[in-house]
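Chain by chain, the residues:
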2 protein chains.
Amino acid sequence: MHGDPPLSIPPAHPDWLDAELRERDATAFVHVGSGSMLRYLTGYEGHATTVFVYTPDATVLCVPQTVESVPDSPERVRRFDARQKHPGQVAVDVLDELLESRVETVLTPPTIPHDAALYLSAEYELASTDAIERARREKAESERTRIAVAQGVAATGLDRAREVLAAADRSGDRLLWEGDVLTTGRLRDAINTEIATAGGVPCNGTRIGVGGPPESTRTDVAIPPATTIAVSVAPREPEGYHGHLTRTLVVDGDGGWERRAHVAVTNARSAALATLDAGAGVTTGELHRELVAELGAYGFDPSPESGDVIANLGHGVGLDPREPPAVDGTTELSAGTILAVRPGLADAQQGYVALGDVIVVEEDGVRRLVEYPLSMEPGS
Amino acid sequence: MHGDPPLSIPPAHPDWLDAELRERDATAFVHVGSGSMLRYLTGYEGHATTVFVYTPDATVLCVPQTVESVPDSPERVRRFDARQKHPGQVAVDVLDELLESRVETVLTPPTIPHDAALYLSAEYELASTDAIERARREKAESERTRIAVAQGVAATGLDRAREVLAAADRSGDRLLWEGDVLTTGRLRDAINTEIATAGGVPCNGTRIGVGGPPESTRTDVAIPPATTIAVSVAPREPEGYHGHLTRTLVVDGDGGWERRAHVAVTNARSAALATLDAGAGVTTGELHRELVAELGAYGFDPSPESGDVIANLGHGVGLDPREPPAVDGTTELSAGTILAVRPGLADAQQGYVALGDVIVVEEDGVRRLVEYPLSMEPGS
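Remember, it's a predicted structure, so these values are computed and weren't measured experimentally. (Residues numbered from 1 in each chain as written. Chains lettered and ligands numbered in written order. Predicted model: local features only at pLDDT ≥ 70, side-chain atom pairs only at ≥ 80, totals over all residues. Heavy atoms only, no water.)

## Some thoughts on the side chain of His315(B)
Here is the rule: Numbering of helices and strands starts at the N terminus; helices are DSSP runs of H or I of at least 4 residues and strands are runs of E of at least 2. Note on contacts: a residue pair is in contact if any heavy atoms of the two residues lie within 4.5 Å.
Assignment of secondary structure puts His315(B) in strand S13 (residues 314-316). What His315(B) contacts, discounting residues up to four positions off in sequence, is His244(B), Pro321(B), Arg322(B), Glu323(B), Pro325(B), Ala326(B), Val327(B), Leu339(B) and Ala340(B).

Listed below in structure tokens is the structure:
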């Protein structure tokens, strides 16, 4: 039976995890769950709740018997019967086998499921660690390569959005495309088709907002002319890493609020990238302040209470389409951090304008992964 | 600013949650997290960690300030600054406001994040409940409709897989399609393109296994003739519900093991559906035993140790592509339960054959959502 490629990203015995165990005077690390943290730690991506136990001497991955396809490292993979044994008990049993005594400290992510944590804390001294979050923040070269692939697919998806909107004809207060009313659902399907054709997986990252922020797939409304159309794409490439690209387009705009907002957002974007030109060491809070100040300089009230300035100015990108760090707070950006920098403005009456691009922080500067046109005109 | 449609699935004050609170002598229910449980409880789908507090008198959803688009029920939605306050503390503050005293019992899902649970249990008596899991198991009519839509999209995706494989030409130990070697990656992209065109979102549910079980998107290998190709699709429709369809195809098969396995799996499938003809009241364990016994009757060793019989014979389908109940254990199937019934056989040397269909358990029988051909021949 075939399996996924061997556990490959990150290395099986990462230095950062060994260092964290030493620093915290702990002997093991345990994660219970599924999703991107498990994928990061093991290379394995599955639906089922899985147990990961790590010591400097051993790495053990326990998956339920019902899982068919697991990474082909048989010496590290064990099976358990989820009907008979709780994942928390599975973790305790593996620890009992690997460790010499129960007085030792075991680290877990703070968000480990509470039921599993209760099994563990009944037998071991439990402490939480954000080491995985910190490690995930600095992307390895192989991860940056994957995100660049995803970002190329994102650009293809946005190209398609521009094509569709450029080909749409105005008919009163609606747009027609290929003989029918153009809705956010039809535009999303066209973008997703392009993303899939280009080898990406659209997941739920393709979001479109008409006169407001990009919306989940639950929304399907007619797209009118002279209204902001915020298109956000975050496709996944086959290895599991995401891209992020946001552009705002307007068909037959009247050049009012959205034109002024677009100038402000474009300049805030340049200012933010200039701030990052200093390279590693800038904090997410400094970036946030620079974006807000620049938007304010164009007459948009920078206080959160006004409702003018949108709140989400950016976030990390990786195995999750949105992951830490948020563009605020006090996180110091280190070389290898990948961010979606995403200045934007919202006005309940006038619309929504945002520009989001993925950048890599480097020792001595910042690099954009893909250069993509900023224009609001679909046809330009 | 626009928002998602109002909280609509399930009703804002579900009877089952009120009943659970009464039965457990509890006064509130709290969930902290993101993902499908939050989506089920509130209609809201987001990346950010969100706090949901429920009492029979009030429903409060607290989202981080950085979230742009939330359900438009302003009286129920509050904002918090995730830099200043932990979601667990947010939950405690809302409870303090809604409840009369701190001696009351608060229910949470067992898998609530441990850090949030520590905030809560410091102030309130905490107890876990599986009421949400039980409620999610019985799909409302509106949910069944959505899953039927997703299942129609799944059939379209499988149609495309059959078309591609039927059009492929044998060239030695490989298949050529549109002038190039046909790989699992190319086949997946073709299926995903079709799913997106049909208005579905493929997410990561499109999995293809060559000579083995369906694999994650990390695998990209050439597809040879005379080898089992297991194709599994689980697209999402716009509201967030999934379908599930698994078929096994062979190009230029030699009619050996895979033919025998296909007959056995086809008959196990019929037997399982006949078992379900009794309607509500059958247990998942009975279904499991029926499937294993029928596969055994065709000479395939039904013991888990042999490696012959595959482990995953089915699972629930809904807001998650795989959700409870698993097809094993002691869960009694009630009217409204939606299952992917998925008999299959694996042999490390010979290949992998599985057939997966979505069924609805009804009071007095079982209904398949989509009838789809069982044949292993792509062109038939």
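Anyway, onward from the coordinates.
## Some details on the interface of chain A and chain B
Note the following rule: Buried area: the accessible area, evaluated with a 1.4 Å probe, that two parts lose upon being put together, summed over both parts. Here, a salt bridge means any side-chain nitrogen of Lys or Arg that lies within 4 Å of a carboxyl oxygen of Asp or Glu. Whenever a nitrogen or oxygen atom comes within 3.5 Å of another N or O atom, the pair is scored as a polar contact, on the condition that within protein one atom can donate a hydrogen and the other can accept it, and that pairs from neighbouring residues in sequence are kept only if both atoms are in side chains. Throughout, the ten residues Ala, Val, Leu, Ile, Met, Phe, Trp, Tyr, Cys and Pro are labelled nonpolar, Asp, Glu, Lys and Arg are labelled charged, and all others, Gly among them, are labelled polar.
Contacts between chain A and chain B engage 60 residues on the former and 60 residues on the latter. A combined buried area of about 5300 Å² lies between chain A and chain B, and 51% of that area is made up of carbon and sulfur atoms. Scanning the region where chain A abuts chain B turns up 6 salt bridges. Note that Arg218(B) and Glu239(A) form a salt bridge whose closest N and O atoms lie 2.9 Å from each other. At the boundary of chain A and chain B, one finds 21 residue pairs in polar contact (both at pLDDT 80 or more). Taken together, the elements giving at least two residues each to the side of chain A that touches chain B come down to helix H4 (114-123), helix H7 (184-197) and strand S10 (207-210) of chain A. Sorting elements by how many residues they give to the side of chain A that touches chain B places H7(A) first, with 6 residues. Taken together, the residues of the side of chain A that touches chain B break down into 22 nonpolar, 22 polar and 16 charged.

## Some points on the sheet that holds strand S11 (residues 229-233) of chain A
All names here are of chain A. Filter applied, for reference: Two strands are said to pair when DSSP picks up at least two bridges between them. Fitted lines through C-alpha atoms serve as axes, helices being fitted only where they are in contact, and the angles separating the N-to-C directions of these axes extend from 0 to 180 degrees.
The 3 strands are arranged S10-S11-S12 in an open sheet whose pairing can be described as antiparallel. The sheet terminates laterally at S10 and strand S12 (245-249), the two strands that pair on one side only. For this sheet, the mean angle separating the axes of adjacent strands, direction not counted, is 15°. Sheet topology places S10 next to S11; 4 bridges connect them, and they run antiparallel.

## Description of the side chain of Arg162(B)
Residue and element names in this part refer to chain B. To keep things clear, this is the line we draw: For the exposure calls, accessible area comes from a 1.4 Å probe over protein chains only, and a residue counts as buried if that area is under 20% of its type's maximum, exposed if over 50%, partly exposed in between. His is not counted, nor are the chain ends, whereas Lys and Arg count as positive and Asp and Glu as negative.
Along the chain, Arg162 falls in helix H6 (residues 141-167). Asp159 is the oppositely charged side chain nearest to the buried, salt-bridge-free Arg162, at an N-O distance of 5.5 Å. At 3.4 Å, the side chain of Arg162 and the backbone oxygen of Ser375 are in polar contact. Excluding its chain neighbours within four sequence positions, the residues that come into contact with Arg162 are Leu249, Tyr372, Pro373, Ser375, Glu377, Pro378 and Ser380.

## A look at the pairing of strand S17 (residues 351-354) of chain B
Every regular strand shows the same layout, with side chains that alternate between the two sheet faces. Residue and element names in this part refer to chain B. The side-chain alternation of S17 yields two buried faces, one formed by Gly351 and Val353 and the other by Tyr352 and Ala354. As paired elements, strand S16 (residues 344-347) and S17 share 4 bridges and run antiparallel to each other. What sits directly across from Leu345, in S17, is Val353. What sits between the antiparallel neighbours S16 and S17 is a turn of 3 residues.

## Quick notes on the packing of H7(A) against helix H7 (residues 184-197) of chain B
To be explicit about the condition: Angular relationships are summarised with four words: roughly parallel below 35 degrees, roughly antiparallel beyond 145, roughly perpendicular across 65 to 115, and oblique for the angles in between.
Remark: H7(A) packs on H7(B), axes separated minimally by 8 Å, with the N-to-C direction vectors making an angle of 180°. Compared by their axis directions, H7(A) and H7(B) come out roughly antiparallel. Of the residues in H7(B), those touching H7(A) at Asp189(A), Asn192(A), Thr193(A), Ala196(A) and Thr197(A) are Asp189(B), Asn192(B), Thr193(B), Ala196(B) and Thr197(B). Here the residues of the contact of H7(A) with H7(B) sort into 2 nonpolar, 6 polar and 2 charged.

## With respect to the packing of aromatic side chains
Here a ring pair, both rings aromatic, is described through the centre-centre distance and the interplanar angle of the planes. We apply this condition: Each Phe, Tyr or Trp ring, with Trp reduced to its six-membered ring, pairs with another whose centre is within 6.5 Å; inter-plane angles below 30 degrees give stacked pairs, above 60 give edge-to-face pairs, and intermediate values give tilted ones.
With the rule as written, the count across this model stands at 8 aromatic pairs over all chains. Pairing Phe52(B) with Tyr54(B) gives two aromatic rings, centres 6.4 Å apart and planes at 20°, and the pair type is stacked. The burial state of Phe52(B) is the same as that of Tyr54(B); both residues are buried. In this structure an aromatic cluster arises from ring pairing among Phe29(A), Phe52(A) and Tyr54(A).

## Quick word on the domain arrangement of chain A
Residues and elements named next belong to chain A. Convention followed: A domain assignment, automatic or from a database, supplies the domain bounds used here.
By the assigned domains, chain A splits into domain 1 (15-137) and domain 2 (141-368). Placing the centre of domain 1 and that of domain 2 at their C-alpha centroids yields a distance of 36 Å. Contact residues are listed per partner, giving 7 residues for domain 1 and 12 residues for domain 2. Here domain 1 and domain 2 share an interface that buries about 850 Å² over both sides, 42% of which is from carbon and sulfur atoms. Considering only the side of domain 1, the residues that lose the most area to domain 2 are Arg39, Arg136 and Arg137, jointly responsible for 63% of the buried surface there. Our count for the domain 1 to domain 2 interface comes out at 4 salt bridges. Here Glu239 makes a salt bridge to Arg39, at a shortest N to O gap of 3.5 Å.

## Some thoughts on the packing of helix H3 (residues 87-98) of chain B against helix H4 (residues 114-123) of chain B
Residues and elements named next belong to chain B. The following threshold applies: Should the near helix be turned anticlockwise from the far one by less than a right angle, the crossing is termed left-handed; should it be turned clockwise, right-handed.
Put simply, H3 and H4 touch, their axes get as near as 7 Å, and they point 35° apart. Two packed elements cross with a definite hand, and for H3 against H4 that hand is right-handed. Judged by residue contacts, Gly88, Gln89, Ala91, Val92 and Leu95 of H3 engage Ala116, Tyr119, Leu120 and Glu123 from H4. For the contact of H3 with H4, the class distribution of residues is 6 nonpolar, 2 polar and 1 charged.

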